[in-house]
Amino acid sequence: GIQVEQSPPDLILQEGANSTLRCNFSDSVNNLQWFHQNPWGQLINLFYIPSGTKQNGRLSATTVATERYSLLYISSSQTTDSGVYFCAVVRSGGSNYKLTFGKGTLLTVNP
Amino acid sequence: GAGVSQSPRYKVAKRGQDVALRCDPISGHVSLFWYQQALGQGPEFLTYFQNEAQLDKSGLPSDRFFAERPEGSVSTLKIQRTQQEDSAVYLCASSLGPSGATDTQYFGPGTRLTVL
């Protein structure tokens, strides 16, 4: 199956700092989603971004499908940004529909 | 409701008991998925429904796991004779289109199952 690798596994920031999270995947995809899992376990949709660039407030994401990676940028981080960030993909082709998740990046933002 | 809902949010079962977990998808969503998330890991696929048809159950870990969506809306994941290794968070997701391949999948809050 498709492999999804996220880096870094852990990241500690001071409030106000910027960060970049990376997601590499091993095959072509037709669905890529970024999620934030909050401390209560809820998976919150951040972006649906199989290709291109999107921005939503302090967050933005870029996927370069031809090079099989995606980046999530967090600017001016806040303590409420803490939690685990997951990248998940659906491999292209056939009857593929299930999301395959990476292991996540645990982000801690300190005040 | 506006999002995917799941109940119960927490379930404690004694080993050997049967449990039933409920998922209410977003209204009108054709596709419904169940995922299992072990502690410290990313969610892993269990099964997929398109309307009432279960098209893929390849991720179900054993024949003790059974899922249904009889009217193409609410879904139930049932685990028979629970074992300690079944302890995990069970997540339900839904998407608008018939496959979820090119649609956003929206997740519910999950049911945390603890088997003692």
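The rules behind each value
Residues numbered from 1 in each chain as written. Chains lettered and ligands numbered in written order. Predicted model: local features only at pLDDT ≥ 70, side-chain atom pairs only at ≥ 80, totals over all residues. Heavy atoms only, no water. Helix = DSSP H or I, 4+ residues; strand = E, 2+ residues; numbered from the N terminus. Rg over C-alpha atoms; globule rule 2.2 N^0.38 Å. Buried < 20%, exposed > 50% of the residue type's maximum accessible area, 1.4 Å probe, protein only. Contact = heavy atoms within 4.5 Å. Areas by Shrake-Rupley, 256 points an atom, 1.4 Å probe, with all protein chains shown as cover. Lys, Arg positive; Asp, Glu negative; His and termini not counted. Charge placed at Lys NZ, Arg CZ, Asp CG, Glu CD. Pairing = 2+ DSSP bridges. Axes fitted to C-alpha atoms, helices over the stretch in contact; angles between N-to-C directions. Core = buried A, V, L, I, M, F, W, Y, C linked by side-chain atoms within 4.5 Å. Buried area = accessible area lost by both parts, 1.4 Å probe. Salt bridge = Lys/Arg side-chain N within 4 Å of Asp/Glu carboxyl O. Polar contact = N/O pair within 3.5 Å; in protein donor to acceptor, adjacent residues only side chain to side chain.

S.K.: Residue-level account of the overall build of chain A, with values.
M.R.: The number of helices and strands found in chain A is zero helices and 11 strands. Its C-alpha radius of gyration of 14 Å places chain A within 12% of the 13 Å reference for a compact globule of 111 residues. When its C-alpha atoms are laid out on the principal axes, chain A stretches across 45 × 25 × 20 Å. Within the span of chain A, comprising 111 residues, buried residues form 48% of the whole. Here the analysis covers contacts within chain A between residues at least 6 apart in sequence; of these, 56% occur between residues at least 24 apart. When the accessible surface of chain A is totalled, it reaches about 5,200 Å², and 49% of it is carbon and sulfur. Charge separation in chain A, taken as the distance between the mean sites of 7 positive and 6 negative side-chain charges, equals 9 Å.

S.K.: With reference to specific residues and values, describe the environment of B:Phe65.
M.R.: Considering the arrangement of structural elements, one finds B:Phe65 in strand β7 (residues 65-68). Residue B:Phe65 is classed as buried on the basis of its relative accessible area of 5%.

S.K.: Please provide a residue-by-residue account of the sheet that holds β7(B), values included.
M.R.: All names here are of chain B. Taken in spatial order, the four strands line up as β1-β3-β8-β7 in an open sheet, and their pairing is antiparallel. Of all strands in the sheet, those with a lone pairing partner are β1 (5-7) and β7, marking the two edges. Averaged over neighbouring strand pairs, the angle between their axes works out to 15° when direction is ignored.

S.K.: Quick rundown of the nonpolar core? Include the residues and the values.
M.R.: A:Trp34, A:Leu72 and A:Val89 are the most contacted members of the largest nonpolar core, which has 22 residues in total. Of all the elements in the fold, those that place two or more residues in this core are β2 (10-14), β3 (19-25), β4 (29-37), β5 (43-48), β7 (59-64), β8 (69-74), β9 (83-91) and β11 (105-110) of chain A.

S.K.: Account for the interface of chain A and chain B, naming residues and giving values.
M.R.: The partner chain B presents 24 residues to the 20 residues of chain A that form the contact. Of the roughly 1,600 Å² buried where chain A meets chain B, counting both sides, 51% is carbon and sulfur surface. Linking chain A to chain B there are zero salt bridges. Inspection of the chain A/chain B interface yields nine residue pairs in polar contact (both at pLDDT 80 or more). Those elements that place two or more of their residues in the side of chain A that touches chain B are β4, β5 and β9 of chain A. The element best represented in the side of chain A that touches chain B is β4(A), accounting for five residues.

S.K.: Give me the side chain of B:Thr47: which residues, what numbers.
M.R.: Residues and elements named next belong to chain B. As for its position among the elements, Thr 47 is in strand β5 (residues 44-50). Note on Thr 47: relative accessible area 0%, which makes it buried. Side-chain polar atoms of Thr 47 contact the backbone oxygen of Asp 56, separated by 2.7 Å. Apart from the residues within four sequence positions on either side, Thr 47 is in contact with Leu 32, Phe 33, Trp 34, Gln 54, Asp 56, Lys 57, Leu 60 and Ala 67.

S.K.: Quick one: what's the story with the environment of A:Gly94, residue by residue and with numbers?
M.R.: Here A:Gly94 shows up in the loop between β9 and β10 (100-101). Spatially, the C-alpha atom of A:Gly94 lies 19 Å from that of A:Val4, the residues being 90 residues apart in sequence.

S.K.: So what's going on with the pattern of salt bridges? Residues and values would help.
M.R.: All names here are of chain B. The final tally for this structure, using the stated rule, is four salt bridges over all chains. Asp 24 is paired through a salt bridge with Arg 22; the nearest N and O atoms lie 2.7 Å apart. Residue Asp 24 is classed as partly exposed on the basis of its relative accessible area of 23%. Residue class for Arg 22 comes out partly exposed when judged on its relative accessible area of 38%. Across the pair Asp 86 and Arg 64 runs a salt bridge whose closest N-O atoms are separated by 2.8 Å. Pair noted here: Asp 86 is in the loop between β8 (75-79) and β9 (88-95) and Arg 64 is in the loop between β6 (53-56) and β7, with a separation of 22 residues, a long-range link. The buried category is assigned to Arg 64, whose relative accessible area is 12%.

S.K.: So what's going on with the pairing of strand β1 (residues 4-7) of chain A? Which residues, and what values?
M.R.: All names here are of chain A. Residue alternation in β1 divides its side chains into a buried set, Val 4 and Gln 6, and an unburied set, Glu 5 and Ser 7. Where β1 meets β3, four bridges bridge the pair, whose relative direction is antiparallel. Along β3, the bridge assignment pairs Gln 6 with Cys 23.

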